Amino acid sequence: MLKIMGVLLVIGSFTGIGVTQRQQFRRRVIALGDMLSALDLISAELSFHLTSIPDIVAKLAADSRSSISELFQPMQQMMQHDDGLSLTFKWMKAMREYGTSVGLKEEDILILCDLSEFIGKYDVQAQLNSISYAKTRLTRQLDIASTEMKSKGNVYRTCCVAAGILLVLILI
């Protein structure tokens, strides 16, 4: 009885590791998709309503359905403080500090930090062009992440289950 429980625990823990790895791939795909939606919202607000960036960030922070609202909430808090820091600095700081916690990788964060150089600084058309360029780059990242999730996600899960079974066989 004790051996059976041990076997189940070992296989279950290795399976859990594999599933967690697969979830990290899925989380990145979701975060990139949500970020592309957020950039669409920013573009629409800038071009049609001429909404200010702090107001747009407040809308994005209030959207609880999005996985990246956790990224825009601290950004909104930083923007509410009049500490003399630029919008670019606050955008980059939020991206760097909270980007990985929502599932973005370093290369995704760099794309969004590049975008901060244009957001809120130039005329609407220049901002829209930079957003469009960032969306193109993030779309490529999303394609790569989707491919990785489909190929590597299943491999991680399967390999971890197999490693658990192999460990059990070795220990028995």
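What you are looking at is a predicted structure, and each value in this text was computed from that prediction instead of being measured. Position numbers for residues start from 1 in each chain and track the written sequence from start to end. Given that the model is predicted, a residue must reach a pLDDT of at least 70 before its local features are reported, and side-chain atom pairs must reach 80 or more before they are shown or counted; all residues, however, enter totals for whole chains, interfaces and linings. Hydrogens and water are ignored here; the side-chain numbers use all heavy atoms of the structure.

Undergrad: So what exactly am I meant to see when it comes to helix α1 (residues 2-49) here?
TA: Side chains of residues three or four places apart in an α-helix project in the same direction, reflecting 3.6 residues per turn. Its 48 residues place the ends of α1 66 Å apart at the C-alpha level, agreeing with the 70 Å of an ideal helix rising 1.5 Å per residue. Only runs of H or I of at least four residues qualify as helices and only runs of E of at least two qualify as strands under DSSP, and these elements are numbered from the N terminus. The first or second residue beyond α1 is Leu-50, which carries a positive phi of 55°. To estimate how far a helix should extend, the number of its residues minus one is multiplied by 1.5 Å.

Undergrad: Help me understand the nonpolar core in this model?
TA: Residues grouped as a nonpolar core are buried Ala, Val, Leu, Ile, Met, Phe, Trp, Tyr and Cys residues, joined through side-chain atoms within 4.5 Å. Under the scheme applied here, a residue whose accessible area is under 20% of the maximum for its type counts as buried, over 50% as exposed, and between as partly exposed, the area being computed with a 1.4 Å probe on protein chains only. Ranked by internal contacts, the top residues of the largest apolar core, which has 40 residues, are Met-35, Phe-72, Met-95 and Leu-104. Where this core is concerned, the elements lending two or more residues are α1, α2 (53-62), α3 (69-80), α4 (87-98), α5 (106-116) and α6 (124-171). In terms of residue count, the dominant contributor to this core is α1 (ten residues).

Undergrad: How should I be thinking about the environment of Leu-60 in this particular structure?
TA: Mapping Leu-60 onto the fold places it in helix α2. Its relative accessible area of 8% is what places Leu-60 among the buried residues. Between the alpha carbons of Leu-60 and Glu-117 there is a distance of 19 Å; along the sequence they are 57 residues apart.

Undergrad: Looking at this model, I keep getting lost on the packing of aromatic side chains. Mind explaining?
TA: Here a ring pair, both rings aromatic, is described through the centre-centre distance and the interplanar angle of the planes. Pairs were defined over the aromatic rings of Phe, Tyr and Trp, the Trp ring being its six-membered one, requiring ring centres within 6.5 Å. Orientation was assigned from the angle between planes: stacked under 30 degrees, edge-to-face over 60, tilted for the rest. Inspection of every chain in the model, using the stated rule, returns one aromatic pair. Aromatic side chains Phe-72 and Trp-91 sit 6.1 Å apart centroid to centroid with 70° between the ring planes, which places their arrangement in the edge-to-face category. In this pair, Phe-72 is assigned in helix α3 and Trp-91 in helix α4, connecting sequence segments 19 residues apart. Note on accessibility: Phe-72 and Trp-91 belong to one class, buried.

Undergrad: Help me understand a nonpolar patch on the surface in this model?
TA: A contiguous nonpolar surface patch, about 410 Å² in accessible area, is contributed by Met-1, Leu-2 and Met-5. Mapped onto the elements of the fold, Met-1 is located in the segment before α1. Residue classification places Met-1 among the exposed positions, given a relative accessible area of 76%. What makes a patch is a set of residues exposed beyond 30% relative accessible area and free of salt bridges, joined within 9 Å when like-charged and within 5 Å when nonpolar (Val, Leu, Ile, Met, Phe, Trp, Tyr). Note on areas: these come from Shrake-Rupley sampling with a 1.4 Å probe, and a residue is covered only by the protein chains present in the view. Whenever Lys or Arg places a side-chain nitrogen within 4 Å of a carboxyl oxygen from Asp or Glu, that contact is recorded as a salt bridge.

Undergrad: Just checking my understanding: could you explain unusual backbone geometry for this structure?
TA: Negative phi is the rule for most residues except glycine; trans is the rule for most peptide bonds. A positive phi is found at Leu-50, a non-glycine position, where the angle reads about 55°. The residue Leu-50 is located in the loop between α1 and α2 in this model. Assessed through its relative accessible area of 62%, Leu-50 is described here as exposed.

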